[in-house]
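# Structure at a glance
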Amino acid sequence: LSGCLVAGGNDLSLLSIISPELQSLEGSFDIDVNIAGTMQEPQILGKAEISDASYEFLDLGIGITDINLLGTNTPDYEYEINGKLKSGEGLLQAEAHVQQITEKGIELMARLTGENFEMVNLPELWAIVNPDIQSRLTLSDQYYEGNIMIPAAIIDLDEAVTAVVISDDEIIDGKKANEKKSMV
């Protein structure tokens, strides 16, 4: 085998084909992969990069900016993924290492760190976090350790209260729900 795949562009919205939630993803990507070896033992070496990307995470009310991810691999089927992204005034960094440990399994070791990362910005909840989490995953084992500090958060209970509609067969404090249709 011998070949290469080189691609790039400035339109990440094409990823919305995979998931409609990715429609607001903007930025550029580059792929550079070389293929060698045989059909029985192919060797794939290359990199994939997303740079200067941004994403509006509407469910959390945040905009993620300065997304930069780089994935590389070696002929020994080891993969490295490194990335940084910003939300609010904070930064989140991720690094991961994937290697094949047996013919049937892989091992993923990852670390996620950050400082003053705006995790949510909704009328009822605003929070920034300082995560430091490590993980090790295999097909049969999962291990996580670390902490997530929340140096600042605001919870507005007036905004968070919503009405809950009770079903007709529900009994609350001795009264049937049809006597009282909703509770706050």
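Just above, that's the structure.
We now turn to the structure provided with this report. What you see is a predicted model; the values in this text were computed from it and never measured.

Within the protein one finds one helix and 14 strands. The buried share of the protein, reckoned over its 184 residues, is 19%. Look at the contacts in the protein between residues 6 or more apart in sequence, and 32% of them connect residues 24 or more apart. Surface summary for the protein: the accessible area is close to 12,900 Å², and the carbon and sulfur share equals 56%.

Non-glycine residue D66 carries a positive phi angle of around 50 degrees. Topologically, D66 is positioned in strand β4 (residues 62–73). Exposure remark for D66: the relative accessible area of 36% places this residue in the partly exposed category. With a phi close to 55 degrees, N116 is a non-glycine residue in the positive phi region. Counting through the fold element by element, N116 comes out in the loop between β7 (105–115) and β8 (117–121).

It is worth spelling out a nonpolar patch on the surface at this point. Together, L1, I35, M39 and I44 make up an exposed nonpolar region whose accessible area comes to about 390 Å². When you line up the elements, L1 lands in the segment before β1 (2–9).

Okay, the nonpolar core next. Core analysis: the largest hydrophobic core is formed by eleven residues, namely L12, L25, A53, Y55, I62, I64, I67, L85, L92, F117 and V129. Those elements that provide at least two residues to this core are β3 (42–57) and β4. A per-element tally of this core places β4 first, with three residues. Setting aside residues up to four positions removed in sequence, V129 forms contacts with E115, N116, F117, M119, I148, M149, I150 and P151.

Before going further, it helps to spend a moment on the environment of E41. Mapped onto the fold, E41 is located in the loop between β2 (26–37) and β3. Of the residues examined, E41 reaches a relative accessible area of 60% and is grouped as exposed. Expressed as a C-alpha distance, the spacing of E41 and L1, which sit 40 residues apart in the sequence, is 9.4 Å.

Moving on, we come to the side chain of N73. Structurally, N73 is set in strand β4. Engagement of the side chain of N73 in a polar contact is seen with the backbone oxygen of I44, the distance being 2.5 Å. Side-chain polar atoms of N73 contact the backbone nitrogen of G46, separated by 2.7 Å.

The final tally for this structure, using the stated rule, is five salt bridges. For E49, the salt bridge goes to K47, with nearest N and O atoms at 3.4 Å. In this structure E49 comes out as partly exposed when scored by relative accessible area, which is 26%. Of the charged contacts in the structure, one is a salt bridge between R111 and D132, with a shortest N-O distance of 2.9 Å. With R111 in strand β7 and D132 in strand β9 (residues 125–138), this residue pair connects regions lying 21 residues apart in the sequence. For D132, a relative accessible area of 27% translates into the label partly exposed.

Conventions used here
Residues numbered from 1 in each chain as written. Predicted model: local features only at pLDDT ≥ 70, side-chain atom pairs only at ≥ 80, totals over all residues. Heavy atoms only, no water. Helix = DSSP H or I, 4+ residues; strand = E, 2+ residues; numbered from the N terminus. Buried < 20%, exposed > 50% of the residue type's maximum accessible area, 1.4 Å probe, protein only. Contact = heavy atoms within 4.5 Å. Areas by Shrake-Rupley, 256 points an atom, 1.4 Å probe, with all protein chains shown as cover. Patch = residues over 30% accessible without salt bridge, like charges linked within 9 Å, V, L, I, M, F, W, Y side chains within 5 Å. Salt bridge = Lys/Arg side-chain N within 4 Å of Asp/Glu carboxyl O. Core = buried A, V, L, I, M, F, W, Y, C linked by side-chain atoms within 4.5 Å. Polar contact = N/O pair within 3.5 Å; in protein donor to acceptor, adjacent residues only side chain to side chain.

Any functional reading would require information that these geometric values do not contain.
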